[in-house]
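What the coordinates show
Here are the chains, one letter per residue:
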Amino acid sequence: MQYDQLIWIILAAVVACIVAASVIITVSNRRGVDRQPPVEQLPSEPSVEVPAEPEVGLEVPEAAGSRLTWLRRRLSGSNNALARGLADLLSRDRLDEETWDDFEATLISSDLGVAPTTELITNLRRELAIDGITEPARAADVLRRELVKLVDPSMDRSLNLTGTDGKPAVVMVVGVNGTGKTTTVGKLARVLVAEHKSVLLGAADTFRAAAAEQLSTWGERVGVETVRGVEGADPASVAFQSVERGIAAQVDVVLIDTAGRLHTKTGLMDELGKVKRVTEKLAPVGEVLLVLDATTGQNGLVQARIFAEVVKVTGIVLTKLDGSAKGGIVVQVQRELGVPVKLIGLGEGVDDLAPFDPEQFVNGLMGN
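Calculation notes
Sequence positions are assigned chain by chain, starting from 1 and proceeding in written order. It should be noted that, the model being predicted, local features are given only for residues of pLDDT at least 70 and side-chain atom pairs only at 80 or more, the latter also being counted only at that level, while totals for whole chains, interfaces and linings use all residues. Excluding hydrogens and water, the side-chain figures rest on all heavy atoms present in the structure. Paired strands, as defined in this entry, are two strands with at least two bridges between them according to DSSP. Each helix corresponds to a stretch of at least 4 residues labelled H or I by DSSP, and each strand to a stretch of at least 2 residues labelled E; elements are numbered beginning at the N terminus. Angles run from 0 to 180 degrees between N-to-C directions of axes, and those axes are lines fitted to C-alpha atoms, restricted for helices to the stretch in contact. Paired rings are identified among Phe, Tyr and Trp, the last through its six-membered ring, by centres lying within 6.5 Å, and are further divided according to the angle between planes into stacked (under 30 degrees), edge-to-face (over 60) and tilted (the rest). Accessible area is worked out with a 1.4 Å probe on protein chains only. A residue is then buried under 20% of its type maximum, exposed over 50%, and partly exposed in between. Geometrically, a charge over a ring is one whose NZ (Lys) or CZ (Arg) sits within 6 Å of the ring centre while staying within 35 degrees of the ring normal. The quantity called pLDDT is the predictor's confidence in a given residue, expressed from 0 to 100. Note on contacts: a residue pair qualifies if any of its non-hydrogen atoms lie within 4.5 Å across the two residues. For the purposes of this section, nonpolar cores are sets of buried Ala, Val, Leu, Ile, Met, Phe, Trp, Tyr and Cys residues that join through side-chain atoms within 4.5 Å.

Examining the sheet that holds strand 3 (residues 225-228)
Sheet architecture is open: eight strands sit in the order 3-2-4-1-5-6-7-8, paired in mixed fashion. The open sheet has two edge strands, strand 3 and strand 8 (353-355), and neither has a second partner. Between one strand axis and the next, the sheet turns by 25° as a mean value, whatever way the strands run. In this sheet, strand 8 lies alongside strand 7 (residues 341-345) in antiparallel orientation, the contact comprising three bridges. Paired with Gly345 across the strands is Leu353, a residue of strand 8.

In structure tokens:
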């Protein structure tokens, strides 16, 4: 073998040894890593949904508690016929027969009704006679107590806003045009938003061109979605789609505004019944609120009777109790329908709708 060939054989052997050693070291290291105990799996942090920042420009509705206070002040400062009658009675130097006759006439003219008026005066005169009270100032407490009894604080005035089977609560709002029905739906949405409830509006008044637009505007101001159809669309279909959307969006309450043409339109009454039946294919209607304009007096009672025959009214919303309103309608309509006044509105402010409270109402009438 030549010397040069020997050198090349030795070099090849050295290289082979180096490569073999490198492979052995690499495998050894890899096995060492594989033999290390696994790192303990730490529990993942719970996902936290960061609430979205409120949209710029959204209004913050006033809380119901503060509304009651200034609504009472506005009621006492109005020229409500019943409030005037009470003030006149309490301003007399002495309670004689002429005073009682005048007071009785005032109560009847304030839409309190003959039977409630007779009941109030009979009880009031009896209480005052037992205690020997003839001075109006001392009679004020007795009068206040009897008025509260007449308005009936025992009635349940809470709104049924509890959904079933994970579905939203559904509230239908009915009433003739001109009573402030659509506006009331918008204001009620503000009340519920102030109570931190999620709300969806259904514009089922498809006969009045401006109704859906008006309702949408109310919703947009507080970040509430409105479901609406084309003008003249089937109201029951819009109501159905509203509840369907409310279920999908998992909202707390769906408020449905309905058509309010004249109560003498038989077709409208049938349509309201259909809206309720179709809606309840998806979720029960927990509340049917009838909106009445307090200034209409006896006409309001006629409306109330007809609506109650078609859809089971569960509560009354009395609007426009300021101005020339006759506050006695509160007692009359409750006795007529056997359902409570649940909400009261004074004036045109966006937050002037509040839960009706008998004692607050009477305090307002008496200027307390």
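With respect to the packing of aromatic side chains
With the rule as written, the count across this model stands at two aromatic pairs. With a centroid separation of 5.2 Å and an interplanar angle of 55°, the aromatic rings of Phe356 and Phe361 are classed as tilted. By relative accessible area, which is 5% here, Phe356 ends up buried. Since its relative accessible area comes to 4%, Phe361 is described here as buried. The ring centre of Trp218 lies 5.4 Å from the NZ or CZ of Arg221, which sits over that ring.

Here's the deal with the pairing of strand 4 (residues 253-257)
In terms of residue burial, strand 4 counts as a mostly covered element, since five of its five residues are buried. Two strands pair when backbone bridges link them, and strand 1 (residues 169-174) and strand 4 are joined in this way by five bridges, in the parallel orientation. Residue pairing across strands places Val171 opposite Leu255, the latter belonging to strand 4. Of the strand pairs in this sheet, strand 2 (residues 199-203) and strand 4 are connected by five bridges, and their pairing is parallel. Residue pairing for strand 4: Ala203 is matched across the bridge by Asp257.

Description of the confidence of the model for the protein
Taken as a whole, the protein shows an average pLDDT of 79; of its residues, 74% reach a score of 70 or greater. Every residue in residues 23-56 is under pLDDT 50, and counting partners more than four places away or in other chains gives zero contacts.

What to know about the nonpolar core
Ranked by size, the top nonpolar core spans 68 residues in total, and within it Phe103, Leu143, Ile256, Leu290, Ile316, Leu318 and Phe361 carry the most contacts. Looking at this core element by element, the count peaks at eight residues for helix 6 (residues 136-151). Beyond its immediate chain neighbours, meaning those up to four positions away, Leu143 contacts Leu86, Leu89, Leu90, Phe103, Leu124 and Met366. Ranked by size, the runner-up nonpolar core spans 23 residues in total, among them Leu188, Val291, Val317 and Leu353.

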